Amino acid sequence: MAGEKKYVSQEELKEHNKPGDLWISIQGKVYDVTDWAKQHPGGDIPILNLSGQDATDAFIAFHPGTVWKHLDQFFSGHYLKDYEVSDVSKDYRRLASEFSKLGLFDKKEHTVIYALCFVVLMFAASIWGILGSNCFWVHMGSGALLGFAWIQVAYLGHDSGHYNMMTTRGFNKMAQILAGNCLTGISIAWWKWTHNAHHIACNSLDYDPDLQHLPMFAVSSNLFHSMTSRFYDRKLTFDPIARFMVSYQHFTFYPVMCVARVNLFLQTFLLLFSKRRVPDRALNILGILVFWTWFPLLISCLPNWTERVFFVLASFSVTSIQHVQFCLNHFAANVYVGPPKGNDWFEKQTSGTLDISCPTWMDWFHGGLQFQLEHHLFPRLPRCNLRKISHLVRDLCKKHNLPYRSLSFFEANVTTIKTLRAAAMQARDLLWEAVNTHG
């Protein structure tokens, strides 16, 4: 009969979840996004991870209302049979709709301007301290200031990656390259690649790159089985070296965080000079070249190699505060194995995140990431609005008996170290078993 709707079952939809055959369902309509995955501004990872299932909640989280009109070009002509929406998803979508009507996704206030001014002042003070003084301690203070500036720049880069913090998309891209590549030496392309995957597969041991830190760290004994990373497409080998390092990870956690920036530099180079398709590769490489021009030149202005080494250590050590916070938000939360599922989007975000409680005057220090759950549920929401909605998210979690965990910075550190220690003790048992077995 003409005009009769064609339906596919959940099982039939699941079959379309491989590269070259990617279907997703959004609000009961099925879309063929096979070709679009290669052009998707957020990369192909989110589509690959959510293909073969309903992805409505994730789509709402990451896309403004203006994007919906473009969906029709991908419509497969099929509808999802027995499409149902859970009570949690209904409330989540209602909340997202209310925020949109209130204009909260567009109201950025003056956060960007304040942050930019703060960054400029810290960079200027750091440079003045190096060029205008011969005092060792002033130079070390300048290194620390540079580290704090990098932290604030990273927050701006994070903001620009989730929503247009500038007036146009062109200016926003310029801000991303400036904040990420030119000022910090960390590619915005690398950040988008890993960060989008992290948001989609929050705390999945094999799909979330933010939990894949072997041989240095393992937050769960599940990682002891040398599972395959679906993100990096390689085995996370738990060999004797990893077993030894993980056995003492609760002691090495903070020292490693002090030099964690080196790993970000390495990851940037590995991506930009890989065979993988990288959006704006040339622009990203140019931005990295800018950083590796001004930063060595600045260090060369110090009087001797001793001060140069200590200056770098001081700046890197300060940025460890931010690296630690990233870990606090997720290391002590619940983990799982397997791909993300679109029908429990809200539940997975509440399970895999941890908020950091702090007074309002400390919001600048955490860059909005202290409201980690709120950010994961509404990643397009400017950080200045996260505190405003936190009570609504808390109420929604309470209504559906879902966890809403908020700890002080100190408590979150303690909980994270306990998590690392628990895994370390299990690894240590394996270590001594191997020693006793093989002599």
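Residues numbered from 1 in each chain as written. Predicted model: local features only at pLDDT ≥ 70, side-chain atom pairs only at ≥ 80, totals over all residues. Heavy atoms only, no water.

### Description of the nonpolar core
- Counting 40 residues, the largest nonpolar core has Phe 123, Leu 146, Trp 150, Trp 190, Phe 295 and Phe 311 as the members making the most contacts within it.
- Within the residue set of this core, elements represented by two or more residues are helix 5 (111–131), helix 6 (136–162), helix 7 (169–184), helix 8 (188–200), helix 11 (260–272), helix 12 (281–300) and helix 13 (305–328).
- Setting aside residues up to four positions removed in sequence, Phe 295 forms contacts with Leu 146, Trp 150, Phe 311, Val 312 and Phe 316.
- Counting 27 residues, the second-largest nonpolar core is a separate cluster that includes Ala 61, Tyr 92, Phe 346 and Val 393. (Core = buried A, V, L, I, M, F, W, Y, C linked by side-chain atoms within 4.5 Å. Buried < 20%, exposed > 50% of the residue type's maximum accessible area, 1.4 Å probe, protein only. Helix = DSSP H or I, 4+ residues; strand = E, 2+ residues; numbered from the N terminus. Contact = heavy atoms within 4.5 Å.)

### Things to note about the pattern of salt bridges
- Summed over the entire model, instances satisfying the criterion amount to 11 salt bridges.
- With a closest N to O distance of 2.9 Å, Lys 399 and Asp 91 form a salt bridge. Residue Lys 399 is found in helix 17 (residues 386–399), and its partner Asp 91 is found in helix 4 (residues 87–101); the two are separated by 308 residues along the sequence.
- The class of Asp 91 is buried, set by a relative accessible area of 10%.
- With a shortest N-O distance of 2.7 Å, Arg 387 and Asp 363 are connected by a salt bridge. Of this pair, Arg 387 sits in helix 17 while Asp 363 sits in helix 15 (residues 363–366), placing them 24 residues apart in sequence.
- A relative accessible area of 19% places Asp 363 in the buried class.
- Each of the salt bridges in this network shares a partner with another, and the network as a whole consists of Asp 91, Arg 94, Glu 98 and Lys 399. (Salt bridge = Lys/Arg side-chain N within 4 Å of Asp/Glu carboxyl O.)

### Details of the UniProt feature "domain: Cytochrome b5 heme-binding" (unreviewed entry) in the protein chain
- The UniProt feature table records "domain: Cytochrome b5 heme-binding" (unreviewed entry) at residues 5–89.
- With 25% helix and 25% strand, residues 5–89 has its two end C-alpha atoms placed 25 Å apart. (UniProt positions renumbered as here; feature names shortened; annotations may be inferred.)

### Looking at helix 10 (residues 249–258)
- Within the sequence span of helix 10, burial applies to Gln 249, His 250, Phe 253, Val 256 and Met 257. One side of helix 10 holds all its buried residues, which, seen down the axis, span an arc of 105°. (Arc of directions from axis to C-beta.)

### A word on the pairing of strand 3 (residues 21–26)
- Of all 6 residues in strand 3, 5 are buried; the element is thus mostly enclosed.
- With 2 bridges connecting them, strand 2 (residues 17–18) and strand 3 associate as antiparallel partners. Of the residues in strand 3, the one forming a bridge with Asn 17 is Leu 22.
- Hairpin connection between strand 2 and strand 3: a loop of 2 residues separates the two successive antiparallel strands, and Gly 20 in this loop has a positive phi of roughly 95°.
- In the sheet, strand 3 pairs with strand 4 (residues 29–32) via 4 bridges, with the strands oriented antiparallel. From the neighbouring strand, Trp 23 faces strand 4, where its bridge partner is Asp 32. (Pairing = 2+ DSSP bridges.)

### Notes on the packing of helix 12 against helix 13
- Viewed as axis vectors pointing N to C, helix 12 and helix 13 meet at an angle of 130°, and their least axial separation amounts to 9 Å. Looking at the two axes, helix 12 sits oblique to helix 13. Facing helix 12, whose interface residues are Phe 295, Leu 298, Ile 299 and Ser 300, helix 13 presents Arg 308, Phe 311, Val 312 and Phe 316.
- For the contact of helix 12 with helix 13, the class distribution of residues is 6 nonpolar, 1 polar and 1 charged. (Axes fitted to C-alpha atoms, helices over the stretch in contact; angles between N-to-C directions. Parallel < 35°, antiparallel > 145°, perpendicular 65-115°, else oblique. Nonpolar A, V, L, I, M, F, W, Y, C, P; charged D, E, K, R; others polar.)

### Re the UniProt feature "transmembrane region" (unreviewed entry) in the protein chain
- Listed under "transmembrane region" (unreviewed entry) in the UniProt record, and renumbered for this structure, are residues 111–130, 136–156, 177–193, 253–273 and 285–305.
- Taken end to end, residues 111–130 comprises 100% helix and 0% strand; its first and last C-alpha atoms sit 29 Å apart.
- Between the C-alpha atoms that bound residues 177–193 the distance is 15 Å, and the span itself is 82% helix and 0% strand.

### Details of the sheet that holds strand 1 (residues 6–8)
- Read from one edge to the other, the open sheet built from 5 strands follows the order 1-5-4-3-2, with strand pairing classed as mixed. Both edges of this open sheet fall to strand 1 and strand 2, since each of them pairs with a single strand only.

### As for the domain arrangement of the protein chain
- Segmentation of the protein chain into domains returns domain 1 (6–84) and domain 2 (110–341).
- Here the C-alpha centre of domain 2 lies 32 Å away from the C-alpha centre of domain 1.
- With 12 residues of domain 1 at the interface, the matching set in domain 2 holds 12 residues.
- Sorting the residues of domain 1 by area buried against domain 2 places Ile 45, Asn 49 and Phe 62 first, and these three jointly supply 49% of that buried surface.
- The tally of links from domain 1 across to domain 2 stands at 1 salt bridge.
- A salt bridge links Arg 276 to Asp 44; its shortest N-O distance comes to 3.0 Å. (Domains from an automatic or database assignment. Buried area = accessible area lost by both parts, 1.4 Å probe.)

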